[in-house]
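# Architecture at a glance
Chain by chain, the residues run as shown.
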Amino acid sequence: MEEEKLMIIDPHVHMTSRTTDDYEAMAAAGVVAVIEPSFWLGQPRTQVGSFQDYFSSLVGWEPFRASQFGIKHYCTIGLNSKEANNIPLAEEVMDLLPLYLHKDNVVGIGEIGYDDQTPAEDRFFREQLELAKTFNMMVQVHTPHRDKKAGTLKSMEVCLEHGLDPGMVVIDHNNEETVKSVLDKGFIAAFTIYPKTKMGNQRMVEVVRKFGSTNIIVDSSADWGVSDPLAVPKTANLMLQNGIPREDVVKTCYQNALDFFGRSGKMKPEHWLTPEAIDQRKLFNNNSVLRGQEPKVENNKIL
Amino acid sequence: MSLSANRYLEDIFLSNGKEKQLSWLRQQINSILSAKSKQKLYITYSLCANHFNADVTFDLVHEQQSFTVNTTLLEAARLYLLQTVLIQEPNFVKAVQQLIQVADKTELEAFLKHLYLLPNAIDYKFAGVEALRTNIATVFNAISQQNPYPGAYFNDAEWNQMYLKAAFMQQDLTKILDVDKRANKDLTRIILDYAHERWAAGRTIDPLFWRPVSKFIDGDVLHDLARLFSSANIKERKAATLVCQSATNESAKKLLKENNEFQEDAISGKLTWQNI
């Protein structure tokens, strides 16, 4: 008998930049829920209003869009490290952030951390860690592409210096060089599977073989650049093919993300185990995801 | 809005066993005011969700206005926060406007329901009028039903837009406040045009829709009232009775005499717009 299809959570994917084809393919590949961290959009923002509308979209339009393809959408809200370098703007964004943290689909503060490891980045990273403490929320930390190892270590030191419980912090974009220190310090280690750079999925198989599945999370970080929104289901399949026990695959590609972000009290398996049936006739502020197609309507069935 | 209304909310928190939460909120308010910090205001606004229940409701009764609004403890805490901060520091008005701008549907409904209770409530007119443009019935009803804000702050064009849209969306018109007070000549024309359009299309009109025409009766209105009096729908005959009963126009009074089926009920107060 064929084994039951795996359920997948991609806990780091910038769906705002992806198409409806991606949503369809992800749902077909078993993705039941996604978490979209706030990030930069390629073009630097110059007005606080641009951030406001972006955050509003992450708690409004995008969850609606995802629901139209049967995927539950959550997000983390934060000021990204790159744009933290525009200090006057960053100060205005910092004022705005608290207004979003209590919204229904916001499961943490993220993605925050260092890019070039400048003093401004350091200042706003620390301020946001304090905000996380005030709200008792999980933190999703972006680690730098350049000078990664030092940047990762510094991110963790600063979290500890501010008194955060490492179990409340996920350190993202790890590689073979950083994973051990992250796990040893009690943080959650997330791995981004990129098609060409950073971690490829074969490397991920070896990481799980070596370090096991405890406190390890796989994500795609798919965004507006060359990236793969199917990275997590593809990696899950590759792990199974390479003899990684199914239990470890479930933990790294579903359960660990759920256990971690579920601590927010806002992310619950019943959201996708007993979902509202897809009904593409629905509208959000009078907008539809359809452009003249026949709406897809399914009965409310337990997947 | 006065501080006595504030004490009224305090009593509600205390009677719900929220002493600790209230003292937390007071401390936060002091710290917001001494730092004059928008971020602190937003943090407190968000954190209220951790201290006050969203599932305990009560009827908030306004001191002078005859309206009550069903409120949760969480909504009341946020109302208390905004009231207190705005009374002490009116410069927070922009921060509160931004707060309303990013509200989700549930929060927006809460704001609209309580808009009248904010100090300098006219400062939030944009949000109130903007809510008329929505197609989300719960948001539209939050501003249009059991709400004294439109009657107090909307201009005639805005008020008429609300009234017409409520009828168009087939909402319960008995829940709109100040219908008699805000009746105007232009609205009478709008009502007639709408009625004629519906009749031409062979469709019906909510009889309650006629209420604002009483004080603006002319030949066209009389013609339509005569049509209502001869309607097979008892509610339309009752509506025509009530319109004529509160009219000062002599021809309307004459028309009522000729069609006196419900006149006594209207005079005795047995028949009203609420029980039509």
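This is a predicted model, so every value here is computed, not measured.

### Re the overall build of chain A
Summing up its helical and strand segments, chain A has 12 helices and eight strands in all. The C-alpha atoms of chain A give a radius of gyration of 19 Å, which matches the 19 Å a tight globule of 303 residues would have. The principal-axis extents of the C-alpha atoms in chain A amount to approximately 55 × 50 × 35 Å. Relative to its 303 residues, chain A shows a buried fraction of 56%. Taking the intrachain contacts of chain A between residues at least 6 apart in sequence as the baseline, contacts between residues at least 24 apart amount to 73%. Mean positive and mean negative side-chain charge positions of chain A (32 and 42 charges, respectively) differ by 2 Å.

### Notes on the overall build of chain B
The helix and strand tally for chain B stands at 15 helices and two strands. In terms of overall dimensions, chain B has C-alpha extents of about 70 × 35 × 30 Å along its principal axes. In chain B, which comprises 276 residues, the share counted as buried stands at 54%. Within chain B, residue pairs in contact and separated by at least 24 positions form 68% of the contacts whose partners lie at least 6 positions apart. Total accessible area on chain B is roughly 13100 Å²; 48% of this is exposed by carbon and sulfur atoms. Charge separation in chain B, taken as the distance between the mean sites of 31 positive and 31 negative side-chain charges, equals 3 Å.

### What about the pairing of strand 3 (residues 72-77) of chain A?
Residues and elements named next belong to chain A. Strand 3 sits mainly inside the fold: five of its six residues count as buried. As judged from the five bridges shared by strand 2 (residues 31-37) and strand 3, these two strands associate in the parallel manner. The residue of strand 3 that forms the bridge with E36 is C75. Judged from the three bridges that link them, strand 3 and strand 4 (residues 106-113) form a sheet pairing that is parallel. Across the sheet, residue I77 finds its bridge partner in strand 4, namely I109.

### Things to note about the interface of chain B and chain A
With 17 residues of chain B at the interface, the matching set in chain A holds 15 residues. Each partner contributes to the roughly 1500 Å² buried at the junction of chain B and chain A, and carbon and sulfur atoms together form 58% of this total. Applying the counting criterion to the chain B and chain A interface returns one salt bridge. Across the pair K103(A) and E107(B) runs a salt bridge, and its minimum N-O distance is 2.5 Å. Counting across the interface, chain B meets chain A through eight residue pairs in polar contact (both at pLDDT 80 or more). Here the side of chain B that touches chain A gets seven residues from one element, more than from any other, and that element is helix 3 (residues 38-51) of chain B. Class assignment of the residues belonging to the side of chain B that touches chain A gives a composition of eight nonpolar, five polar and four charged.

Thresholds, definitions, all that
Residues numbered from 1 in each chain as written. Chains lettered and ligands numbered in written order. Predicted model: local features only at pLDDT ≥ 70, side-chain atom pairs only at ≥ 80, totals over all residues. Heavy atoms only, no water. Helix = DSSP H or I, 4+ residues; strand = E, 2+ residues; numbered from the N terminus. Rg over C-alpha atoms; globule rule 2.2 N^0.38 Å. Buried < 20%, exposed > 50% of the residue type's maximum accessible area, 1.4 Å probe, protein only. Contact = heavy atoms within 4.5 Å. Lys, Arg positive; Asp, Glu negative; His and termini not counted. Charge placed at Lys NZ, Arg CZ, Asp CG, Glu CD. Areas by Shrake-Rupley, 256 points an atom, 1.4 Å probe, with all protein chains shown as cover. Pairing = 2+ DSSP bridges. Buried area = accessible area lost by both parts, 1.4 Å probe. Salt bridge = Lys/Arg side-chain N within 4 Å of Asp/Glu carboxyl O. Polar contact = N/O pair within 3.5 Å; in protein donor to acceptor, adjacent residues only side chain to side chain. Nonpolar A, V, L, I, M, F, W, Y, C, P; charged D, E, K, R; others polar.

Keep in mind that these numbers describe shape and distance, not what the molecule does.
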